[in-house]
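Okay, here's what each chain looks like letter by letter:
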Amino acid sequence: MDFMTDRDVQTYVDDGYVVLDGLLTSQECDELRQRMTEIVDQMDVPEHCRTTFSTYHDEQLKTQGNADYFITSGDKIRFFFEKGVFDDKAEFIVPKQRSLNKVGHALHAYEPLYKKVTHSPKVQVSELLNYISLYIYMLRIGGEVTPHQDATFLYTEPLGRVMGMWIALEDATVNNGCLWFIPGSHNSCISRRMVRTPKGTYPLTDFIGKEQAYDEEKFIAAPVKKGGVVLIHGQVVHRSAENNSEDSRHVYTFHIMESQDTCWSPDNWLQPTEELPFPLLYTK
């Protein structure tokens, strides 16, 4: 990234994350948000696919971990909802625009504005390596994200080959749900893995191991201004609190993996498909 200084690089190496200002312009952020508004206005989700999204261990297995709608979303654009947005007949009890936890996981493939950002020259991290992209869109008003490591869900051999890019489309503050990190925690291995279970068994995913208990006092807030980006090492422990403020916190986030000499685990919940193989972010 041409706007990273040597100091920024060293911060990422030491802490496992770094906050950078000015990846996108304010106008680019607004265009991404406007396009998402249009997508959500047009969404048509069958009642049986109205899945709430959670980061709590047991709820992950009960909801998205047991939902074909979730596990087959890697090459589609699908919608995942906050708790309490449906009545007992799966009808919306809040406006659609305030119902969503996230939209994913293939915006980069089917939506030109998101594809443009994902493949922008600004996100080229090294001229020596090829990268392939993964993708998550969070349109979040509310839910907490519990402490976790991204490599739990996006496992590679060797570890350390996945980096998240968390782009703030609005200011992310302590009040509206910015990220919190344990600096240096990326130097530890992962404590659990989310894996696909054998075909024909339920739930469709399971966990190997359990998330550790973390000292709350070790977490450091990482607020970021609109248009800024947080680079996240796949093993760094991070979380975000509930957004109980009046300010929304919209984010576009995707993951990139160093493709050279790296094995993407066939047990990961998200897998490339014939219709949508993992694309090269750029080539040498």
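Residues numbered from 1 in each chain as written. Predicted model: local features only at pLDDT ≥ 70, side-chain atom pairs only at ≥ 80, totals over all residues. Heavy atoms only, no water.

Under an unreviewed UniProt entry, the name given to the protein chain is Phytanoyl-CoA dioxygenase domain-containing protein 1, and the organism recorded is Seriola dumerili. Its UniProt record gives the protein chain a comment under Sequence similarities (unreviewed entry), which states: "Belongs to the PhyH family. PHYHD1 subfamily." For the protein chain, the Cofactor (unreviewed entry) comment in UniProt is given as "Fe cation". (UniProt positions renumbered as here; feature names shortened; annotations may be inferred.)

Colleague: Would you take a moment to explain the overall build of the protein chain for this structure?
Modeller: Along the backbone of the protein chain there are six helices and 17 strands. For the protein chain, the share of sequence-separated contacts (at least 6 apart) that also reach a separation of at least 24 residues comes to 81%. Of the roughly 13,400 Å² of accessible surface on the protein chain, a fraction of 50% belongs to carbon and sulfur atoms. (Helix = DSSP H or I, 4+ residues; strand = E, 2+ residues; numbered from the N terminus. Contact = heavy atoms within 4.5 Å. Areas by Shrake-Rupley, 256 points an atom, 1.4 Å probe, with all protein chains shown as cover.)

Colleague: Which parts of the structure should I look at to understand the packing of aromatic side chains?
Modeller: Counted under the stated rule, the structure contains 12 aromatic pairs. Consider the rings of Phe86 and Phe92, whose centres lie 5.0 Å apart with planes at 55°: the pair is tilted. A relative accessible area of 17% means that Phe86 is categorised as buried. By relative accessible area, Phe92 is classed as partly exposed at 25%. Chaining the aromatic ring pairs together yields one cluster made of Tyr69, Phe70, Phe80 and Trp269. A cation over a ring is seen here: Arg193 above Tyr155, with NZ or CZ 3.8 Å from the ring centre. (Phe/Tyr/Trp six-rings, centres within 6.5 Å; stacked < 30°, edge-to-face > 60°. Buried < 20%, exposed > 50% of the residue type's maximum accessible area, 1.4 Å probe, protein only. Lys NZ or Arg CZ within 6 Å of the ring centre and 35° of its normal.)

Colleague: Just checking my understanding: could you explain the environment of Glu31 for this structure?
Modeller: Secondary-structure assignment places Glu31 in helix H2 (residues 26–41). When the C-alpha positions of Glu31 and Tyr114 are compared, they lie 9.9 Å apart, and in sequence the two are 83 residues distant.

Colleague: Just checking my understanding: could you explain the nonpolar core for this structure?
Modeller: Among soluble globular proteins, nonpolar side chains are generally buried collectively. The biggest cluster of nonpolar side chains holds 47 residues, and the ones touching the most others in it are Leu24, Phe79, Phe81, Met165, Ile167 and Leu231. Looking at this core, the element that brings in the most residues is H2, giving five residues. Beyond its immediate stretch of four places on either side in the chain, Leu24 contacts Cys29, Leu32, Val117, Ile167, Leu169 and Gly227. Counting residues in each nonpolar core, the second largest holds 13 residues, with Tyr17, Ala168, Cys178 and Val236 among its members. (Core = buried A, V, L, I, M, F, W, Y, C linked by side-chain atoms within 4.5 Å.)

Colleague: Just to check I follow, could you spell out the side chain of Arg249 for this structure?
Modeller: Mapping Arg249 onto the fold places it in strand S15 (residues 249–258). The side chain of Arg249 sits in the buried core without any salt bridge; Glu170 is the nearest counter-charge, 7.4 Å away. (Lys, Arg positive; Asp, Glu negative; His and termini not counted. Salt bridge = Lys/Arg side-chain N within 4 Å of Asp/Glu carboxyl O.)

Colleague: Quick question: what am I supposed to make of a negative patch on the surface here?
Modeller: Taken together, the side chains of Glu47, Asp87, Asp88 and Glu91 present a region of like negative charge at the surface. By the element assignment, Glu47 lies in the loop between H2 and helix H3 (57–62). You can call Glu47 partly exposed: its relative accessible area is 44%. (Patch = residues over 30% accessible without salt bridge, like charges linked within 9 Å, V, L, I, M, F, W, Y side chains within 5 Å. Charge placed at Lys NZ, Arg CZ, Asp CG, Glu CD.)

Colleague: Explain H2 here, please?
Modeller: Over its 16 residues, H2 runs 23 Å from end to end, which matches the ideal 22 Å to within 8%, given 1.5 Å per residue. Those residues of H2 that fall on the buried side of the exposure criterion are Cys29, Leu32, Met36, Ile39 and Val40. One face of H2 carries all of its buried residues, which in axial projection span an arc of 95°. (Expected span 1.5 Å × (residues − 1). Arc of directions from axis to C-beta.)

Colleague: Which parts of the structure should I look at to understand the sheet that holds strand S12 (residues 220–222)?
Modeller: In a beta sheet, neighbouring strands are held together by backbone hydrogen bonds and run either parallel or antiparallel to one another. On the basis of which strands lie adjacent, the open sheet formed by four strands has the order S6-S14-S9-S12 and antiparallel pairing. Whereas interior strands pair on both sides, the edge strands pair on one side only; in this sheet they are strand S6 (145–148) and S12. Sheet twist, expressed as the average angle between the axes of neighbouring strands with direction ignored, equals 25°. In this structure, S6 lies alongside strand S14 (residues 238–240), joined through two bridges in antiparallel fashion. From the neighbouring strand, His148 faces S14, where its bridge partner is His238. (Pairing = 2+ DSSP bridges. Axes fitted to C-alpha atoms, helices over the stretch in contact; angles between N-to-C directions.)

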